[in-house]
Amino acid sequence: IGIYVSLPEEVDTQQLICRMLSAGKKVYVPRCQQKTLTFHQIQSFEELRPSRFHLLEPINEPSSFHESELLFVPLVGFDEDYNRIVYCHGYYDSVLNQIHAEKIGLAYRFQKVEVLPKEIHDVPLDNVLTD
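Because the structure is predicted, anything quoted here is derived from the model rather than measured. (Residues numbered from 1 in each chain as written. Predicted model: local features only at pLDDT ≥ 70, side-chain atom pairs only at ≥ 80, totals over all residues. Heavy atoms only, no water.)

Participant: Looking at this model, I keep getting lost on the sheet that holds strand β8 (residues 102–107). Mind explaining?
Facilitator: Sheets are built from strands that pair by backbone hydrogen bonding, the pairs being arranged parallel or antiparallel. Strand order in the open sheet made by the three strands is β5-β8-β9, with parallel pairing throughout. Because the sheet does not close on itself, it has two edges, and the strands there are β5 (70–73) and β9 (127–130). Here the average twist between neighbouring strands, direction ignored, is 30 degrees. In this structure, β8 lies alongside β9, joined through four bridges in parallel fashion. For Ala 107, the partnering residue across the bridge sits in β9 and is Thr 130. (Pairing = 2+ DSSP bridges. Helix = DSSP H or I, 4+ residues; strand = E, 2+ residues; numbered from the N terminus. Axes fitted to C-alpha atoms, helices over the stretch in contact; angles between N-to-C directions.)

And the structure:
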């Protein structure tokens, strides 16, 4: 399962990550590198350090992420067609077309808008889970 480590203003993923790890799931978290994301398998939060973006990112080597079944994606807003708007400079856009996992956004209900503009490189999500 691929999942981001949430910032304070995002849906909290840290408890979800702890539950996944306790259940014996393989958990991969991203690191921003040179305009793209690399995914790294973690066993605990001890393998994470704050980055220049104030994100907790893995310090270990990248892992093969292609067998993952789910990818949880951060977002600022979304619409009925699961288009999304983000503040992470397009890092996820660089990998969403390459990953065959189900792509799920985590959001609060108030983040839903009627319609978002879509650019040619944008990849809609498969679903969005809200509170």
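We are not done yet, so read on.
Participant: Is there a simple way to think about the nonpolar core in this case?
Facilitator: Nonpolar side chains tend toward joint burial in soluble globular proteins. In this structure, Ile 17, Val 27, Val 29, Phe 39, Leu 71 and Phe 72 are the most contacted members of the largest nonpolar core, which totals 33 residues. In contact with Phe 72, other than residues within four places in its own chain, are Ile 1, Gly 2, Ile 3, Tyr 4, Met 20, Tyr 92, Ile 104, Leu 106 and Leu 129. (Core = buried A, V, L, I, M, F, W, Y, C linked by side-chain atoms within 4.5 Å. Buried < 20%, exposed > 50% of the residue type's maximum accessible area, 1.4 Å probe, protein only. Contact = heavy atoms within 4.5 Å.)

Participant: How should the packing of aromatic side chains be read in this particular structure?
Facilitator: In this description, an aromatic ring pair is defined by two values, namely the gap between the centres and the angle between the planes. Summed over the entire model, instances satisfying the criterion amount to one aromatic pair. Both rings, one in Tyr 108 and one in Phe 110, keep their centres 5.6 Å apart while their planes meet at 5 degrees; by these two values the pair is stacked. Here Tyr 108 falls in the partly exposed class, since its relative accessible area comes to 25%. Classification of Phe 110 as exposed rests on a relative accessible area of 68%. (Phe/Tyr/Trp six-rings, centres within 6.5 Å; stacked < 30°, edge-to-face > 60°.)

Participant: Please clarify how the environment of Cys 32 should be interpreted in this entry.
Facilitator: Among the structural elements, Cys 32 can be located in strand β1 (residues 27–33). With 20 residues separating them along the chain, Cys 32 and Arg 52 place their C-alpha atoms 9.8 Å apart.

Participant: I'm lost on unusual backbone geometry in this one. Help?
Facilitator: What is expected of a backbone is that most residues other than glycine have negative phi and most peptide bonds are trans. Unlike most non-glycine residues, Tyr 82 shows phi in positive territory, near 65 degrees. With respect to the secondary-structure elements, Tyr 82 resides in the loop between β6 (77–78) and β7 (84–85).

Participant: I tried to follow the pairing of strand β2 (residues 36–42) on my own but got confused; where do I start?
Facilitator: In the case of a regular strand, side chains alternate between the two sheet surfaces. With respect to burial, β2 is a largely interior element, five of its seven residues being buried. Here β1 runs beside β2; their pairing, made up of seven bridges, is antiparallel. Counted as the bridge partner of Arg 31 is Thr 38 from β2. Here β1 folds back onto β2 in antiparallel fashion, the turn holding two residues, of which Gln 34 has a positive phi close to 50 degrees.

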